[in-house]
Amino acid sequence: MLKIKYENGAGTESIEYNSAADFVANQRLEIPDLEDYYKIVDVTLDGKPVELKDKTIIGLYKKFDDEDD
C-alpha cells in the first residue's frame, strides 16, 4: 500500500494506492488524481518511508518510474 500525505495549497490531504505501479499508472492519465507540483509531507510504501530528493508528486513519480526501468 502506497500512502501519500501532501499539501495542495488549501491544506494537507492524503491518498492511498494499492501499489507504486497503481500510482504511476494514475499519474499517466490525462487527468491524474494529483498535480505534479503538490509538495509531499510524508510517503510510505508498505509501511516503510520512501526517501525522496524531490519532495513533489513529480519527484515521487520519477522515482518509481525510474525503478521500473
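Here's what I pulled together on the structure shown here.

**Some details on the pairing of strand β1 (residues 2-7)**
Burial of β1 is one-sided: the residues Leu2, Ile4 and Tyr6 facing one way are buried, the residues Lys3, Lys5 and Glu7 facing the other way are not. Across six bridges, the pairing between β1 and strand β2 (residues 12-17) is antiparallel. Bridged to Glu7 within β2 is Thr12. Across six bridges, the pairing between β1 and strand β3 (residues 39-45) is antiparallel. Along β3, the bridge assignment pairs Tyr6 with Ile40.

**What about the sheet that holds β1?**
Sheet strands associate in pairs through backbone hydrogen bonding, adopting either a parallel or an antiparallel arrangement. Strand order in the open sheet made by the four strands is β2-β1-β3-β4, with antiparallel pairing throughout. Each edge of the sheet is formed by a strand with only one pairing partner; in this case those strands are β2 and β4 (48-49). Relative to β4, β3 runs antiparallel, the two being bridged by two bridges. Directly across from Leu45, in β4, lies its bridge partner Lys48. Strands β1, β2 and β3 of the sheet are contacted by helix α1 (residues 20-27), whose axis makes an angle of about 110° with β2.

**Quick notes on the packing of aromatic side chains**
Scanning the model with the defined rule gives four aromatic pairs in all. Taken together, a centroid distance of 5.5 Å and an interplanar angle of 70° make the contact between Tyr17 and Phe23 edge-to-face. Taken as a pair, Tyr17 and Phe23 share a single burial class, namely buried. Chaining the aromatic ring pairs together yields one cluster made of Tyr6, Tyr37 and Tyr38.

How each quantity is defined
- Residues numbered from 1 in each chain as written.
- Predicted model: local features only at pLDDT ≥ 70, side-chain atom pairs only at ≥ 80, totals over all residues.
- Heavy atoms only, no water.
- Buried < 20%, exposed > 50% of the residue type's maximum accessible area, 1.4 Å probe, protein only.
- Helix = DSSP H or I, 4+ residues; strand = E, 2+ residues; numbered from the N terminus.
- Pairing = 2+ DSSP bridges.
- Contact = heavy atoms within 4.5 Å.
- Axes fitted to C-alpha atoms, helices over the stretch in contact; angles between N-to-C directions.
- Phe/Tyr/Trp six-rings, centres within 6.5 Å; stacked < 30°, edge-to-face > 60°.

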